[in-house]
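Chain and residue survey
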Amino acid sequence: AQTVTQSQPEMSVQEAETVTLSCTYDTSESDYYLFWYKQPPSRQMILVIRQEAYKQQNATENRFSVNFQKAAKSFSLKISDSQLGDAAMYFCAYRRKGYGGATNKLIFGTGTLLAVQP
Amino acid sequence: DTAVSQTPKYLVTQMGNDKSIKCEQNLGHDTMYWYKQDSKKFLKIMFSYNNKELIINETVPNRFSPKSPDKAHLNLHINSLELGDSAVYFCASSQGLYNEQFFGPGTRLTVL
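What this report covers is the structure whose coordinates are included nearby.

So, how was this worked out
- Residues numbered from 1 in each chain as written.
- Chains lettered and ligands numbered in written order.
- Predicted model: local features only at pLDDT ≥ 70, side-chain atom pairs only at ≥ 80, totals over all residues.
- Heavy atoms only, no water.
- Helix = DSSP H or I, 4+ residues; strand = E, 2+ residues; numbered from the N terminus.
- Buried < 20%, exposed > 50% of the residue type's maximum accessible area, 1.4 Å probe, protein only.
- Contact = heavy atoms within 4.5 Å.
- Areas by Shrake-Rupley, 256 points an atom, 1.4 Å probe, with all protein chains shown as cover.
- Lys, Arg positive; Asp, Glu negative; His and termini not counted.
- Charge placed at Lys NZ, Arg CZ, Asp CG, Glu CD.
- Rg over C-alpha atoms; globule rule 2.2 N^0.38 Å.
- 1 Å grid on protein atoms, 1.4 Å probe; cavity = no way out; pocket = protein on both sides within 12 Å on 5 of 7 lines; lining within 4 Å.
- Points joined across faces, edges and corners; volume = space filled by probe spheres on them.
- Nonpolar A, V, L, I, M, F, W, Y, C, P; charged D, E, K, R; others polar.
- Buried area = accessible area lost by both parts, 1.4 Å probe.
- Salt bridge = Lys/Arg side-chain N within 4 Å of Asp/Glu carboxyl O.

A short note on the overall build of chain B
Across its full length, chain B holds zero helices and eleven strands. Put simply, chain B runs from its N terminus to its C terminus through helices and strands in the order β-β-β-β-β-β-β-β-β-β-β. Seen along its three principal axes, the alpha-carbon backbone of chain B occupies a region of about 35 × 30 × 25 Å. Per-residue burial over chain B gives 47% buried out of 112 residues. Of all intrachain contacts in chain B linking residues separated by at least 6 positions in sequence, the fraction that spans at least 24 positions is 54%. With an accessible surface of roughly 5400 Å², chain B has 49% of that area assigned to carbon and sulfur atoms. Side-chain charges of chain B comprise 12 positive and 11 negative groups, with the mean position of each set lying 6 Å from the other.

Following this line, the structure appears as structure tokens:
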């Protein structure tokens, strides 16, 4: 069974600095998707960034980028120029790629609570 | 314009009661989901429907019964509520089985 592990329950960063959130996963599949979701205090789950496993290039979305190491099964999120609005719980998630109903479920890590200090 | 909406946002009830949470999406998606987030913030899928057909049913007690009257709605009915059912329940939707899932704002259920 696939699992997702986030080993940092809490992180803190100064405004305008850079922070990296860690995520590792376990799967026997060769093709899959990885995601980072942000959950601010409003509870809304917001997709931050997505990576397809067969793409070697790391995904980037403005100040957010990932370091995807397929062999190591590692998928970290880097937030550059941190802003107060980045304070939230961040979830790493995995989804199989393929056919059949079971492939569309997201498997989440336990989350990392990010605090941004002014 | 709310893409995925849930009602109610908060629900407080007594043990043993039966309650429903409603979900509606106006994105034209054909696949909808229910996730449960427990007190430790752990999120786990419960159900998934594609074109009103149940395709994922993770080992959820049969006190939980999802119902999809049409592709835009997926409701969750819970019988005989227990203390352990207290959680935040998220609805999500996607177009097809393999595209991005959009989440609703969540319903915080508290069972006393």
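What about the overall build of chain A?
Per the secondary structure count, chain A includes zero helices and twelve strands. Reading chain A from its N end, one meets helices and strands in the order β-β-β-β-β-β-β-β-β-β-β-β. Here the C-alpha radius of gyration of chain A, 14 Å, is about what a compact globule of 118 residues would show, namely 13 Å. Taken along the three principal axes of its C-alpha coordinates, chain A extends 45 × 30 × 25 Å. Within chain A, buried positions represent 47% of all 118 residues. Carbon and sulfur atoms make up 47% of the accessible area of chain A, which totals about 5600 Å². The averaged location of the 10 negative side-chain charges in chain A is 9 Å from the averaged location of its 12 positive side-chain charges.

Things to note about the layout of surface pockets
When its volume is computed, the largest pocket comes out at roughly 230 Å³. Lining the largest pocket are 13 residues, with A:Gln2, A:Lys105, A:Ile107, B:Phe42 and B:Lys44 sitting closest to its centre. Ranked by the residues each element gives to the lining of the largest pocket, the list is headed by strand β5 (residues 43-50) of chain B, at three residues. Here the lining of the largest pocket is composed, by residue class, of eight nonpolar, two polar and three charged. If you go around the second largest pocket, the residues you meet are B:Lys36, B:Asp38, B:Phe42, B:Lys44, B:Ile45, B:Met46, B:Glu58, B:Thr59, B:Val60, B:Pro61, B:Phe64 and B:Asp85. A per-element tally of the lining of the second largest pocket places β5(B) first, with three residues. Here the lining of the second largest pocket is built from residues that sort into six nonpolar, one polar and five charged.

Quick look at unusual backbone geometry
Cis geometry is adopted by the peptide bond preceding B:Pro8, which originates at B:Thr7 and carries an omega value of -5°. Its place among the elements puts B:Pro8 in the loop between β1 (4-7) and β2 (10-13). Despite not being glycine, A:Ala16 has its phi angle at roughly 80°, a positive value. Relative to the elements of secondary structure, A:Ala16 occurs in the loop between β2 (10-14) and β3 (19-21). Residue classification places A:Ala16 among the partly exposed residues on the basis of a relative accessible area of 48%. Unlike most non-glycine residues, B:Ser80 shows phi in positive territory, near 45°. Mapped onto the secondary structure, B:Ser80 falls in the loop between β8 (73-78) and β9 (87-94). Residue classification places B:Ser80 among the partly exposed positions, given a relative accessible area of 39%.

Quick notes on the interface of chain B and chain A
Of the residues lining the interface, 28 residues belong to chain B; the matching set on chain A comes to 24 residues. Per-residue buried area on chain B facing chain A is highest for B:Leu43, B:Tyr98 and B:Phe103; these three make up 31% of the total on that side. At the junction of chain B and chain A, the tally comes to one salt bridge. Residue B:Glu58 pairs with A:Lys105 through a salt bridge whose shortest N-O separation is 3.1 Å. With four residues, strand β4 (residues 31-37) of chain B is the largest single contributor of residues to the side of chain B that touches chain A.

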